[in-house]
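Here's the letter readout for the chains.
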Amino acid sequence: MEKKLNRKRTLTLVLIILILVTIVFIWSNSLQSIPESQAKSIGFLNKVKPFLEIFVGTGNVTDHLVRKLAHFTEFGTLGCELALLLALRKHINWQSAINSAFFSMTVALMDETIQIFISGRGSQVKDVWLDFAGSCTGILFVVVIFGLIKMARNRKNKKHGN
């Protein structure tokens, strides 16, 4: 029992650290100047362009698309991490999922605020909504996976008479 509790504490700590690292990563990108951000974005665009063209067609991968995908992906990752923390702590319910989504929205609002006041870049409300959608998608993904696992376990237990 003690070993299981220590493992749970360790995993909780690891997830909290991952969440903090993800938030620092998101906010550090917003601290970049316009030229730094554009250079980073174009460098990443050149790496992912062949892969993305499979989905959106040749010539349709733009810097704008890559930036928006980055927003969605960063916050999708944050949403997954938050939901995994809930699952580990056995707190997956509607209220905790909603709280996690709104925590992510607060991170997104801070992200855009950093862009306005610190890096001098423009802020966009649609980026906050895109971040929120990414977070909700990540949370939903983990909740669905854990729900399916729970259903499979329940079926297995019923089948074996437990």
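So, how was this worked out
Residue numbers restart at each chain and count upward from 1, following the sequence in its written direction. Only residues with pLDDT of at least 70 are given local features in this predicted model, and only at 80 or more are side-chain atom pairs given and counted; all residues enter the totals for whole chains, interfaces and linings. Each side-chain value is worked out from all heavy atoms of the structure, with water and hydrogens disregarded. Labels follow the DSSP assignment, with helices taken as runs of H or I lasting at least four residues and strands as runs of E lasting at least two, numbered in each case from the N terminus. As defined in this context, the radius of gyration uses C-alpha atoms, and a globule is described by 2.2 Å times the residue total to the power 0.38. When checking whether two residues touch, look at their non-hydrogen atoms; a contact exists if any pair is within 4.5 Å. Positive residues here are Lys and Arg, negative ones are Asp and Glu, while His and the chain termini are left out of the count. Charged side chains are reduced to one point each, which is NZ for Lys, CZ for Arg, CG for Asp and CD for Glu. Side-chain rings of Phe, Tyr and Trp, where Trp is taken by its six-membered ring, are said to pair if the distance between their centres is within 6.5 Å; with planes under 30 degrees apart they count as stacked, over 60 as edge-to-face, and otherwise as tilted. The buried label applies to any residue whose accessible area, calculated with a 1.4 Å probe on protein chains only, is under 20% of its type's maximum; exposed applies above 50%, and partly exposed to all values in between.

A. How the structure looks around the overall build of the chain. Each helix and strand in the chain was counted, giving 5 helices and 0 strands. For a compact globule of 162 residues, the expected C-alpha radius of gyration is about 15 Å, and the chain comes in at 19 Å, more than 25% above that figure. Structurally, the chain occupies a C-alpha span of about 60 × 35 × 25 Å along its principal axes. Taking the contacts inside the chain whose residues are at least 6 apart along the sequence as the reference set, 72% of them involve residues at least 24 apart. Of the charged side chains in the chain, 20 are positive and 10 negative, and the gap between their average positions amounts to 18 Å.

B. Representation of the packing of aromatic side chains within the structure. Summed over the entire model, instances satisfying the criterion amount to 3 aromatic pairs. Ring centres of tryptophan 129 and phenylalanine 132 lie 6.0 Å apart, and the angle between their planes is 85 degrees; this geometry places the pair in the edge-to-face category. One end of the pair, tryptophan 129, and the other, phenylalanine 132, are both in helix α5 (residues 125–159), 3 residues apart, so they sit about a helical turn from each other. Residue phenylalanine 132 is classed as buried on the basis of its relative accessible area, which comes to 15%. The rings of Phe102, Trp129 and Phe132 are connected pair by pair, giving a single aromatic cluster.

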